[in-house]
Amino acid sequence: MKNSVLTFRKKKQEGRKITVLTSYDYTMAKLVNDAGVDAILVGDSLGNVMLGYEDTVSVTMDDMVCHCRAVARAADHAMVVVDMPFMSYQVSVEETLHNAGRLMKEGRANAVKLEGGTRVCPQIHAMVEAGIPVMAHLGLTPQSINAFGGYKVVGKTKETAEKLLAEALAVQEAGAFSLVLECVPMKLATLISQKLEIPVIGIGSGAGCDGQVLVAQDMLGMTSGFSAKFLKVFAPVGEVIKTAVSDYIHEVENGTYPAEEHTFSIDDEILEKLY
Ligand code: KIV
């Protein structure tokens, strides 16, 4: 059975951890889905990971629709949550509904995610009313990198911690089914997870959250140049790929690949007639 908002709710109620990983293409999504993850996030981090941008600001609706469609085709078990890209939900509630509708209808997502607290509550409310499940995202919100002036931990002072808790309660009140907390001090993230009825999915926010999300390429050691304190590389897949590619180059150059068993045969009689 395909996972849904009900899976998230049930797991929180039963005190079982929720697992989320990003994917942006069919091949990776199939591996992640088949391994049994609860949900796949088609994150706008695809701007950095797939398109080579320095941040997520340039990611478009068309990018998200295209990648989400590919992921949705692979996800027969995992719930598919897709990021609303920068400026696809900030202008108006009407535009938000139009864009979220595209992600559900064309992208075949099961839910959308957007960044922000109180200021996006009218959008969350309208989407939930329209039957679109919404995951909120607070703490470090990468789409606001230019306003933050860098990637930083959020909620270390009394004011920012109080604001974060108030925003978390506000998005829950607006109807979000879940909340991502990015780079929030562990004890604060744990407190927010305990205070909220909806599941809190952490990234860089410690083990006290109701679940975790990571970028698949990061936890597979495929994103050279990216490092973060919270990141654990579960398998050095990037190194495995590099070794395989250099073995391929070597074998093609020295003629050991392709070998006899990799070739197709033809009757000598037929061939002779061609000479
Ligand atoms: O875009 C993304 O991948 C995300 C996760 C890091 C939470 O928003």
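Residues numbered from 1 in each chain as written. Predicted model: local features only at pLDDT ≥ 70, side-chain atom pairs only at ≥ 80, totals over all residues. Heavy atoms only, no water.

Scanning the protein chain from terminus to terminus reveals twelve helices and eight strands. Classification of the 275 residues of the protein chain by burial places 47% in the buried group. About 14,800 Å² of surface is accessible on the protein chain, with carbon and sulfur atoms providing 57% of the total. Across the protein chain, 25 positive and 34 negative side-chain charges occur, with their mean positions spaced 12 Å apart. (Helix = DSSP H or I, 4+ residues; strand = E, 2+ residues; numbered from the N terminus. Buried < 20%, exposed > 50% of the residue type's maximum accessible area, 1.4 Å probe, protein only. Areas by Shrake-Rupley, 256 points an atom, 1.4 Å probe, with all protein chains shown as cover. Lys, Arg positive; Asp, Glu negative; His and termini not counted. Charge placed at Lys NZ, Arg CZ, Asp CG, Glu CD.)

A few words on the domain arrangement of the protein chain. Frequently, the measure chosen for interface size is the accessible area that the parts lose on association. Splitting the protein chain by domain gives domain 1 (5-235) and domain 2 (241-272). For domain 1 versus domain 2, the distance between C-alpha centres works out to 45 Å. (Domains from an automatic or database assignment.)

Turning our eyes to something else, we now look at the sheet that holds strand E5 (residues 134-139). Strand order around the closed barrel formed by eight strands is E1-E2-E3-E4-E5-E6-E7-E8, with parallel pairing between neighbours. Sheet twist, expressed as the average angle between the axes of neighbouring strands with direction ignored, equals 25 degrees. In this fold helix H1 (residues 5-13) packs onto strand E1 (18-22), strand E2 (39-42), strand E3 (79-83), E5, strand E6 (178-182) and strand E7 (200-203), with an angle of close to 135 degrees to the strand it touches most, E1. (Pairing = 2+ DSSP bridges. Axes fitted to C-alpha atoms, helices over the stretch in contact; angles between N-to-C directions. Contact = heavy atoms within 4.5 Å.)

Each regular strand shows side chains that alternate between the opposite faces of the sheet. In terms of burial, strand E4 (residues 111-115) is a largely internal element, five of the five residues being buried. Neither face of E4 is exposed, since Ala111, Lys113 and Glu115 on one face and Val112 and Leu114 on the opposite face are all buried. For E3 and E4, the ladder comprises three bridges, and the chain directions are parallel. Bridging across to E4, Val82 finds its partner in Val112. As for the winding sense of the linkage, the β-α-β connection from E3 through helix H5 (residues 93-105) to E4 is right-handed. As a crossover connection, the stretch from E4 through helix H6 (residues 121-129) into E5 is right-handed. (Right-handed = clockwise from strand over helix to strand, strands pointing away.)

Here the focus is helix H9 (residues 186-195). Listing the buried residues of H9 in full gives Leu188, Ala189, Ile192 and Ser193. All buried residues of H9 fall inside an arc of 140 degrees around its axis, so they share one side. In H9, the exposed positions angled more than 90 degrees off the buried face are occupied by Lys187 and Gln194. Each element contacted by the buried residues of H9 is listed here: H1, helix H8 (158-174), E6 and E7. (Arc of directions from axis to C-beta.)

What follows concerns the packing of helix H2 (residues 26-35) against helix H4 (residues 61-74). Packed helices, taken two at a time, are described by the angle between their axes plus the distance between the axes. Where H2 contacts H4, the two axes come as close as 8 Å, and the packing angle between them is 40 degrees. In the crossing of H2 with H4, the sense of the turn from one axis to the other is right-handed. Each of Tyr26, Ala29, Lys30 and Asn33 in H2 lies in contact with H4, whose residues at this interface are Ala70, Val71, Arg73 and Ala74. In the contact of H2 with H4, the residues fall into five nonpolar, one polar and two charged. (Left-handed = near helix turned anticlockwise from the far one by under 90°. Nonpolar A, V, L, I, M, F, W, Y, C, P; charged D, E, K, R; others polar.)

Here we come to the pattern of salt bridges. Using the criterion set out here, one finds eleven salt bridges in the structure. Put simply, Glu14 and Lys10 hold a salt bridge, and the shortest N to O gap is 3.1 Å. Given the relative accessible area of 44%, Lys10 is considered partly exposed. Across the pair Glu239 and Lys242 runs a salt bridge, and its minimum N-O distance is 3.6 Å. Of this pair, Glu239 and Lys242 both sit in helix H11 (residues 237-254), separated by three residues, roughly a single helical turn. Classification of Lys242 as exposed rests on a relative accessible area of 55%. (Salt bridge = Lys/Arg side-chain N within 4 Å of Asp/Glu carboxyl O.)

As a further point, take the site of the ligand. Lining the immediate environment of the ligand, one finds Thr22, Leu41, Gly43, Asp44, Ser45, Asp83, Lys113, His137, Val180, Ile203, Val213 and Val215. With respect to the ligand, the side chain of Ser45 contributes an N or O atom lying 2.5 Å from an oxygen atom. In this structure, an oxygen atom belonging to the ligand sits 3.1 Å away from a side-chain N or O atom of Asp83. For the ligand, whose unbound accessible area comes to 260 Å², protein coverage reaches 95%. Given that more than half its atoms are within 2 Å of the pocket grid, the ligand belongs to the largest pocket. Each residue belonging to the shell around the ligand can be placed in one class, and the counts come to five nonpolar, four polar and three charged. (Near = heavy atom within 4 Å. Polar contact = N/O pair within 3.5 Å; in protein donor to acceptor, adjacent residues only side chain to side chain. 1 Å grid on protein atoms, 1.4 Å probe; cavity = no way out; pocket = protein on both sides within 12 Å on 5 of 7 lines; lining within 4 Å. Sits in = over half its atoms within 2 Å of the grid points.)

Turning to a nonpolar patch on the surface, a few remarks are in order. On the surface, Met222, Ile241, Val245, Tyr248, Ile249, Val252 and Tyr257 cluster together to form a nonpolar patch covering roughly 600 Å² of accessible area. With respect to the secondary-structure elements, Ile241 resides in helix H11. (Patch = residues over 30% accessible without salt bridge, like charges linked within 9 Å, V, L, I, M, F, W, Y side chains within 5 Å.)

Empty space within the largest pocket amounts to approximately 690 Å³. For the largest pocket, the lining is made up of 31 residues, of which Ser45, Pro142, Glu182, Val215 and Phe226 are closest to its centre. Breaking the lining of the largest pocket down by element, the ones donating at least two residues are helix H3 (46-49), E4, E6 and strand E8 (211-214). For the lining of the largest pocket, the class distribution of residues is 15 nonpolar, eight polar and eight charged. Roughly 400 Å³ of volume is contained in the second largest pocket. If you trace the second largest pocket, you find 19 residues lining it, with Gly139, Thr141, Phe148, Val154 and Lys163 closest to the centre. Sorting the residues of the lining of the second largest pocket by element identifies E5, helix H7 (145-148) and H8 as the ones contributing at least two each. (Points joined across faces, edges and corners; volume = space filled by probe spheres on them.)

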